[in-house]
Amino acid sequence: MSEPTLDIIAIGNAIVDVIAQADDAFLAAEGVAKGSMRLIDTEIATSLYGRMAPGIEASGGSAANTVAGAAALGARCAFIGQVATDQLGEVFAHDIRALGVGFDTPAREAEPPTARCLILVTPDGQRTMNTYLGASQYLPAAALDPARIASAAILYLEGYLWDPAEPRAAMRAAIAIARGAGRKVAFTLSDAFCIERHRDDFNALIADGDIDILFANEAEILSLNQTEDFEAAIAATAARVPTLVVTRSEKGAIAIKDGARVAVPAEPIDAIVDTTGAGDLFAAGFLAGQAQGRSVADSLTMGAVAAAEVISHYGARPVADIKALVAAKLG
């Protein structure tokens, strides 16, 4: 097996985030539950955008956020995701490349337009996501570069993208390429609503030995196992994957690798401003740590540091030098 030339290559939704403040009354008027994620169509995307307060626009998408964070920590990263030949597609490509992440997926000329996520942030820091998936749902297997995937130590996949058939087939093809090259596959469950729709598929991937590192939060691990018993869910899943990482918000995070369990506390911060991207940046820190050959405990700490930084400001990408923050914490 050849030495990898990339640390992480990720496949996910190529989305431009539009982030604005909102109060509980606005959410109630829109009929959306605070802290939830819903998929919206073109009409709702247009009308909601028109009613939102002024905000900021930045490239986003769960797996894209993760490789952006990992690149900031020094990892060699690339991203595969579908944009359209429009202004937001150009914004996404420029932003992710400017962060040092390789991105060469050809833009799609046909409708629909590039995906966007309209994120409403309430004063308590909770984010409510309204996602228009647009062109990101049409990532074909033909867009994959097999040699590029095989060159990465870790293939990281986003559960959010499992819904549409075309990118699901592309991700299955990518898994086969990575496993054929002797590389590791990491998967994030993304959201409980993804699990409700694809629990059988996700469990099959685990049962077939296609996932080496599984990321979940508390709600997701409970949903995957259809139980309310957290410890039972952890035990059942850890027995089936080489490495399980579970984030627990203010309670920190745990990882179980080859049966050994490690826990770290959440990093203290002055105030939670916006929880958008917290899980994505935690995964970034953990994967970057693993790529650097660090211990599970240090990798978890890197994840906690990166997550704490991103929830201290608006947006799902780091603002501070998280590499320096990690160095100050771990040396």
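Residues numbered from 1 in each chain as written. Predicted model: local features only at pLDDT ≥ 70, side-chain atom pairs only at ≥ 80, totals over all residues. Heavy atoms only, no water.

A. Broad picture of the overall build of the protein. Of the regular secondary structure elements, the protein holds twelve helices and 14 strands. At 18 Å, the protein has a C-alpha radius of gyration in line with the 20 Å of a compact globule built from 331 residues. Looking at the protein as a whole, 54% of its 331 residues qualify as buried. Relative to all contacts within the protein whose residues are 6 or more apart in sequence, the contacts with residues 24 or more apart total 73%. For the protein, the accessible surface area stands at approximately 13200 Å², while carbon and sulfur atoms represent 53% of it. In the protein, 25 positive and 41 negative side-chain charges are present, and the distance between their average locations comes to 5 Å. (Helix = DSSP H or I, 4+ residues; strand = E, 2+ residues; numbered from the N terminus. Rg over C-alpha atoms; globule rule 2.2 N^0.38 Å. Buried < 20%, exposed > 50% of the residue type's maximum accessible area, 1.4 Å probe, protein only. Contact = heavy atoms within 4.5 Å. Areas by Shrake-Rupley, 256 points an atom, 1.4 Å probe, with all protein chains shown as cover. Lys, Arg positive; Asp, Glu negative; His and termini not counted. Charge placed at Lys NZ, Arg CZ, Asp CG, Glu CD.)

B. Local environment of the sheet that holds strand β1 (residues 6–11). Pairing is mixed across the open sheet formed by nine strands, whose spatial order is β6-β5-β1-β9-β10-β11-β12-β13-β14. Every interior strand has two partners, whereas the edge strands, β6 (102–103) and β14 (260–264), have only one. Bridging between strand β11 (residues 213–217) and strand β12 (residues 243–247) involves five bridges; their strand directions are parallel. Each residue of the ladder has a partner; that of Phe-215, found in β12, is Val-245. The sheet contacts of helix α9 (residues 230–238) involve β11, β12, β13 (253–257) and β14, and relative to β12 the element is tilted by about 155°. (Pairing = 2+ DSSP bridges. Axes fitted to C-alpha atoms, helices over the stretch in contact; angles between N-to-C directions.)

C. Examining unusual backbone geometry more closely. Omega for the bond connecting Glu-111 with Pro-112 falls within 30 degrees of zero, at 5°, which places this linkage in the cis form. Of note in this structure, Asp-258 is not a glycine but carries a positive phi near 50°.

D. Region of interest: the UniProt feature "domain: Carbohydrate kinase PfkB" (unreviewed entry) in the protein. This chain's UniProt record puts "domain: Carbohydrate kinase PfkB" (unreviewed entry) on residues 59–318. Within residues 59–318, the helical portion is 41% and the strand portion 20%, while the C-alpha atoms at the span's ends are 12 Å from each other. (UniProt positions renumbered as here; feature names shortened; annotations may be inferred.)

E. How the structure looks around the side chain of Asn-13. Tracing the chain through its elements places Asn-13 in the loop between β1 and β2 (15–21). One polar contact links Asn-13 to Ser-136, side chain to side chain, over a distance of 2.9 Å. If we ignore the near neighbours within four places in the chain, the residues touching Asn-13 are Gly-60, Gly-61, Phe-79, Leu-133, Ser-136, Glu-158, Tyr-160 and Leu-161. (Polar contact = N/O pair within 3.5 Å; in protein donor to acceptor, adjacent residues only side chain to side chain.)

F. Structural context of the packing of helix α10 (residues 278–291) against helix α11 (residues 296–310). Contact pair α10 / α11: the axes reach a minimum separation of 7 Å and the direction vectors enclose 145°. In the crossing of α10 with α11, the sense of the turn from one axis to the other is right-handed. Together, Ala-278, Leu-281, Phe-282, Gly-285, Phe-286, Ala-288, Gly-289 and Gln-290 of α10 and Val-296, Ser-299, Leu-300, Met-302, Gly-303, Ala-304, Ala-306, Ala-307 and Val-310 of α11 make up the contact between the two elements. Looking at the contact of α10 with α11, its residues break down into twelve nonpolar, five polar and no charged. (Left-handed = near helix turned anticlockwise from the far one by under 90°. Nonpolar A, V, L, I, M, F, W, Y, C, P; charged D, E, K, R; others polar.)

G. Examining the pattern of salt bridges more closely. Inspection of every chain in the model, using the stated rule, returns twelve salt bridges. A salt bridge links Asp-124 to Lys-34; its shortest N-O distance comes to 2.9 Å. With Asp-124 in the loop between β7 (115–121) and β8 (127–132) and Lys-34 in the loop between α1 (24–30) and β3 (37–39), this pair connects stretches of sequence that are 90 residues apart. With a closest N to O distance of 3.4 Å, Arg-248 and Glu-218 form a salt bridge. Taken together, the positions of Arg-248 in the loop between β12 and β13 and Glu-218 in helix α8 (residues 218–225) put the pair 30 residues apart, joining distant regions of the chain. By relative accessible area, Arg-248 is classed as buried at 18%. The network of salt bridges with common partners includes Asp-24, Lys-34 and Asp-124. (Salt bridge = Lys/Arg side-chain N within 4 Å of Asp/Glu carboxyl O.)

H. Structural context of the sheet that holds β3. The sheet built from five strands is open, its strands ordered β3-β8-β7-β2-β4 with mixed pairing. Where the open sheet ends on each side, the last strands, each with one partner, are β3 and β4 (56–60). Averaged over neighbouring strand pairs, the angle between their axes works out to 25° when direction is ignored. Both β3 and β8 contribute to a ladder of three bridges, which runs parallel. Across the sheet, the residue bridging to Arg-38 is Asn-130, located in β8.

I. Spatial organisation of the nonpolar core. Core analysis: the largest hydrophobic core is formed by 52 residues, its most contacted members being Ile-11, Leu-155, Phe-187, Phe-202 and Leu-214. Ranked by the residues each element gives to this core, the list is headed by helix α7 (residues 192–207), at six residues. If you look at the next biggest cluster of nonpolar residues, it comprises 47 residues, including Ala-186, Ala-288, Val-296 and Val-310. (Core = buried A, V, L, I, M, F, W, Y, C linked by side-chain atoms within 4.5 Å.)

J. Structural context of helix α3 (residues 62–72). Most of α3 is tucked away, with ten of its eleven residues classed as buried. Three or more residues of α3 are buried, namely Ser-62, Ala-63, Ala-64, Asn-65, Thr-66, Val-67, Ala-68, Gly-69, Ala-70 and Ala-71. Phi for Gly-74, located one or two positions after α3, is positive at around 100°.

K. Expanded view of the side chain of Thr-131. With respect to the secondary-structure elements, Thr-131 resides in strand β8. Sequence-distant contacts of Thr-131, that is, excluding residues within four places in its chain, are made with Ile-15, Met-37, Arg-38, Leu-39, Ile-40, Arg-116 and Cys-117.

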